[in-house]
Amino acid sequence: MRSRLSWMPLLAALLIGVTAFCSPAMANTAIVKLGEALFEDTTLSLNGNQSCMTCHHPLAGFADPSNHIDPLGSPVSDGSDPGLFGGRNAPSAAYAAFSPALNCEDDGEGGLFCTGGMFWDGRATGLADTDTGGIMVAGEVTGPTFDPLADQAKGPFQNPIEMALTPEELVDRVRAADYAWRFKRAFGYSVHRAPAHVVYNDIGIAIAAFERSRKVNRFSSKFDRFVAEQKKRRVDVATIALDDAGVVVDGRMRRVRSRVFSREELEGLALFNMPNDNDGILDAGEGGNCAACHPSGPISDPTDSKGKTLFTDFSYDNLGVPANPVVDDLAGPQPADMGLYATVTGLLGYSSDDERAAGTKGLFKVPTLRNVAKTAPYAHNGFFPTLFSIVQFYNTRMMAPLGGPEVGEPNIEELGDLGLSRDQEEKIVLFMETLTDL
Ligand code: HEC
Ligand code: HEC
């Protein structure tokens, strides 16, 4: 009896130890660690000079720091092969994890309504074999993973204007890396013995796990502290607006007070939230209409954002952003960027004669605004060097004479003629600056 009792705690401890070691949480930590090492490894590029982090650095909100330093002269990223540029601005890799797989349905008005996917045009769909979903590696097809983020992560390595390796070269370099042993702990196999196409797929899965981790999605901004403060007071942040007397109130018309936000930031949030009929006159109750596409409260979506605010509904729109001449200077003359249309007619197989597909010309994914103050320049081609300039564009579409919308029919119902004053534009910018993770 006595001896049995004394053995019990030891046995229990052993059991707990063993199950903890093999638990999904433990395996996930190992996968995240592997993903982080892969994300930061510059040897995984043609000239050994570029990792994912080069273009998605934490100090630049997981976007490209070289763009941030020179947003006017450097809107697009340089490849591992110096002097090779792409035509699009690098978005943040943080909070992208919450984007669901690409889904397009008839919108009931003869068009298509699409949400989700990865990249400005959703082409890492997370659906099935796509250019990034099913790649040939050593004669075998990898994937698909059915995860847009993992699909995406398999792309840059073999993109000639990015890391520029063949899939086989990539796997060889990963096998030679000092963290190669981590595959055993993460996936339970030796990276040297596993077939190349399996390793390639798991590289994508590991990077995606890192991109889903807290290190990348911190939810630690001033805005998050504000939400926590207001939750205690039962204020729903997404309902905050200005009343007719210009007082900041919530949906129940109670005055909103805060120790976290300044008065200007509060007013900026109110303006960000309030709708606008875009007739050029700012009536009472109207604001910037930003939350119509960048919701300032949680959305119900198939991904697990745990009630957190992402500032995107993952839909697509055409703001009428002009072509950026600096991109042509760097990357060479660029064809008009069709955006979502290329994905819809390519990967999704819609015919170019299909009216519904035609309506997707020039649509780009609504980006998150988290950390946006660190990710200049703005929009898919980096046309806007500052936050103020893009807000001015929403307000007046004043850059339109500089070249007009690049392609398709821009949204003239919700933006372009808001009637905001300069002071109000500045407050919206001040509010966006509260979205930076600390
Ligand atoms: C040379 C710079 C460069 C490198 C290196 C690079 N990226 Fe990107 N990344 C970009 C650009 C540019 C885009 C936008 C391309 C587009 O939309 O067509 C992008 C898009 C993304 C997105 C999509 C975000 C969204 O919201 O749609 C993610 C996620 C991402 N990259 C992660 C990675 C990972 C992981 C790696 C390493 C395997 C990587 N990137 C390497 C420049 C780079
Ligand atoms: C009709 C939907 C819609 C509305 C309304 C809207 N946005 Fe956007 N927003 C988008 C889309 C789509 C993009 C990407 C457009 C592109 O690249 O061509 C974008 C891009 C941005 C960007 C650039 C982010 C980046 O990482 O490049 C900022 C900043 C922004 N919006 C802020 C705002 C503000 C502030 C308002 C209100 C004044 C607003 N948006 C209203 C859909 C919208």
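Note that the coordinates shown come from a computational prediction; the quantities given were computed from them, not determined experimentally. (Residues numbered from 1 in each chain as written. Chains lettered and ligands numbered in written order. Predicted model: local features only at pLDDT ≥ 70, side-chain atom pairs only at ≥ 80, totals over all residues. Heavy atoms only, no water.)

## Considering the packing of helix H10 (residues 263-273) against helix H15 (residues 422-432)
Keep this limit in mind: Geometry is summarised by axes, namely lines fitted to C-alpha atoms with helices restricted to the contacting stretch, and by angles between N-to-C directions that run from 0 to 180 degrees. Under the scheme used here, helices are H or I runs from DSSP no shorter than 4 residues and strands are E runs no shorter than 2 residues, and both carry numbers assigned from the N terminus. Reported orientations rely on four angle classes, namely roughly parallel under 35 degrees, roughly antiparallel over 145, roughly perpendicular from 65 to 115, and oblique for the rest. Two residues form a contact once any of their heavy atoms are found within 4.5 Å. The residue classification treats Ala, Val, Leu, Ile, Met, Phe, Trp, Tyr, Cys and Pro as nonpolar and Asp, Glu, Lys and Arg as charged. All others, Gly included, are polar.
In contact at an axis separation of 7 Å, H10 and H15 are set at 100 degrees when each is read in the N-to-C sense. It follows that H10 is roughly perpendicular to H15 by the angle criterion. Seen from H10, the contacting residues are Glu-264, Glu-265, Glu-267, Gly-268, Leu-269, Leu-271 and Phe-272; seen from H15, they are Gln-424, Lys-427, Ile-428, Leu-430, Phe-431 and Met-432. Partitioning the contact of H10 with H15 into residue classes produces 7 nonpolar, 2 polar and 4 charged.

## A closer look at the site of ligand 2
To keep things clear, this is the line we draw: Neighbouring residues are identified by heavy atoms, a residue being near a molecule or strand if any of them is within 4 Å of it. Residues adjacent in sequence count toward polar contacts only when both atoms are side-chain atoms; beyond that, a polar contact is any pair of N or O atoms within 3.5 Å, and within protein one must be able to donate a hydrogen and the other to accept it.
Looking at ligand 2, there are 26 residues lining it, with Cys-290, Cys-293, His-294, His-380 and Tyr-394 nearest. One of the side-chain nitrogen or oxygen atoms of His-294 is found 2.9 Å away from a nitrogen atom of ligand 2. A distance of 2.9 Å separates an oxygen atom of ligand 2 from a polar atom in the backbone of Ala-379. Within the residue set of the shell around ligand 2, elements represented by two or more residues are strand E8 (364-365), helix H14 (387-396) and H15. In terms of residues, the shell around ligand 2 owes the most to one element, H14, which gives 3 residues. A class-by-class count of the residues in the shell around ligand 2 yields 18 nonpolar, 5 polar and 3 charged.

## A word on the packing of aromatic side chains
The condition that has to hold: Between rings of Phe, Tyr and Trp, where Trp is taken as its six-membered ring, a pair exists when centres lie within 6.5 Å; planes separated by under 30 degrees are stacked, by over 60 edge-to-face, and by other angles tilted. Only protein chains enter the calculation, and the probe is 1.4 Å; a residue is then buried if its accessible area is under 20% of its type maximum, exposed if over 50%, and partly exposed in between.
Using the criterion set out here, one finds 15 aromatic pairs in the structure. With a centroid separation of 6.1 Å and an interplanar angle of 15 degrees, the aromatic rings of Phe-187 and Tyr-189 are classed as stacked. On the accessibility criterion, Tyr-189 (16% relative accessible area) is buried. Between Phe-383 and Phe-384, the aromatic rings sit 5.1 Å apart at their centres with planes inclined by 80 degrees, giving edge-to-face as the arrangement. In this structure an aromatic cluster arises from ring pairing among Phe-223, Phe-226, Phe-261, Phe-272, Phe-311 and Phe-431.

## Describing the coordination of the iron atom of ligand 2
Our working definition: Counted as coordinating are nitrogen, oxygen and sulfur atoms within 2.8 Å of the metal, or 3.2 Å for Na, K and Ca, while water is not included, which may make sites look incomplete. By the criteria applied here, four donors are tetrahedral when all angles lie between 85 and 135 degrees, four are square planar and six octahedral when opposite donors are over 155 degrees apart and every other angle lies between 65 and 115, and any other arrangement is irregular.
Only His-294 (NE2) and Tyr-394 (OH) from the protein reach the iron atom of ligand 2 as donors, at distances of 1.8 to 2.1 Å. Around the iron atom of ligand 2, the 6 donor atoms are arranged such that angles at the metal cover 86 to 179 degrees; this shape is classified as octahedral. With His-294 in the loop between H10 and strand E7 (316-317) and Tyr-394 in helix H14, the pair connects residues that are 100 residues apart, well separated along the chain. On the basis of relative accessible area, His-294 is assigned to the buried category, the value being 9%.

## Quick notes on the pattern of salt bridges
Formally: Definition used for salt bridges: Asp or Glu carboxyl oxygen within 4 Å of a side-chain nitrogen of Lys or Arg.
Tallying each qualifying case throughout the model produces 15 salt bridges. A salt bridge links Asp-337 to Arg-88; its shortest N-O distance comes to 2.8 Å. Taken together, the positions of Asp-337 in the loop between helix H11 (325-331) and helix H12 (340-345) and Arg-88 in the loop between helix H4 (65-69) and strand E1 (103-106) put the pair 249 residues apart, joining distant regions of the chain. For Arg-88, a relative accessible area of 23% gives the class partly exposed. Notably, a salt bridge pairs Asp-147 with Arg-212, separated by 2.9 Å at the nearest N-O pair. Here Arg-212 lies in the loop between helix H8 (196-211) and helix H9 (222-232) and Asp-147 lies in the loop between strand E4 (140-141) and helix H5 (148-153), a separation of 65 residues in the sequence. What makes Arg-212 partly exposed here is its relative accessible area of 40%. Where salt bridges share partners, they join Arg-88, Asp-121, Arg-123 and Asp-337 into one cluster.

## Points about the site of ligand 1
So the rule is basically this: Note that domain bounds follow an automatic or database assignment of domains.
As a structural note, the neighbourhood of ligand 1 is formed by 28 residues, with Cys-52, Cys-55, His-56, Arg-88 and Phe-119 the closest of them. For ligand 1, a nitrogen atom lies 2.9 Å from a polar atom in the side chain of His-56. Interatomic distance of 2.9 Å between a side-chain N/O atom of Arg-123 and an oxygen atom of ligand 1. Within the residue set of the shell around ligand 1, elements represented by two or more residues are helix H3 (52-55), H5 and H8. Here the shell around ligand 1 takes 3 residues from H5, the largest share from any one element. Of the residues contributing to the shell around ligand 1, the split by class is 15 nonpolar, 7 polar and 6 charged. No fewer than three residues from each of domain 1 (26-83 + 129-211) and domain 2 (99-125 + 220-438) sit in the shell around ligand 1.

## Side note on a negative patch on the surface
The line we're drawing: Grouping into patches uses exposed residues only, defined as over 30% relative accessible area, and leaves out salt-bridged ones; the cut-off is 9 Å for like charges and 5 Å for nonpolar side chains (Val, Leu, Ile, Met, Phe, Trp, Tyr). Working definition of accessibility: Shrake-Rupley area with a 1.4 Å probe, residue cover restricted to the visible protein chains. When charges are counted, neither His nor the chain ends are considered; positive counts come from Lys and Arg and negative counts from Asp and Glu. Taken as the charge location is NZ of Lys, CZ of Arg, CG of Asp or CD of Glu.
Among the surface-exposed residues, Asp-277, Asp-279, Asp-283 and Asp-417 lie close enough to one another that they form a single negatively charged patch. As for its position among the elements, Asp-279 is in the loop between H10 and E7. On the basis of relative accessible area, Asp-279 is assigned to the partly exposed category, the value being 40%.

## So, the nonpolar core
Convention followed: Joining through side-chain atoms within 4.5 Å is the link that ties buried Ala, Val, Leu, Ile, Met, Phe, Trp, Tyr and Cys residues into a set, and such a set is a nonpolar core.
Counting residues in hydrophobic clusters, the biggest one holds 43 residues, and the most contacted among them are Leu-38, Phe-157, Leu-170, Phe-183, Val-199, Ile-203 and Ile-207. For Leu-38, the contacting residues outside a window of four places in its chain are Leu-44, Val-174, Tyr-179, Ile-203, Ala-206 and Ile-207. Within the second largest apolar cluster, 42 residues are counted, among which are Val-235, Val-321, Ile-428 and Val-429.

## Some words on the domain arrangement of the protein
According to the domain assignment, the protein contains domain 1 (26-83 + 129-211) and domain 2 (99-125 + 220-438). Between domain 1 and domain 2, the C-alpha centre-to-centre distance is 29 Å. Taken together, the contacts link 20 residues of domain 1 with 23 residues of domain 2. If you look at where domain 1 meets domain 2, you find 0 salt bridges. The tally of links between domain 1 and domain 2 comes to 2 residue pairs in polar contact (both at pLDDT 80 or more). For the side of domain 1 that touches domain 2, the elements supplying multiple residues, two or more each, are H4 and H5. At 4 residues, H5 tops the list of elements feeding residues into the side of domain 1 that touches domain 2. Split by residue class, the side of domain 1 that touches domain 2 holds 10 nonpolar, 8 polar and 2 charged.

## Structural notes on a positive patch on the surface
Taken together, the side chains of Arg-214, Arg-218, Lys-231 and Lys-308 present a region of like positive charge at the surface. On the basis of relative accessibility, which here comes to 31%, the residue Lys-308 falls in the partly exposed class.

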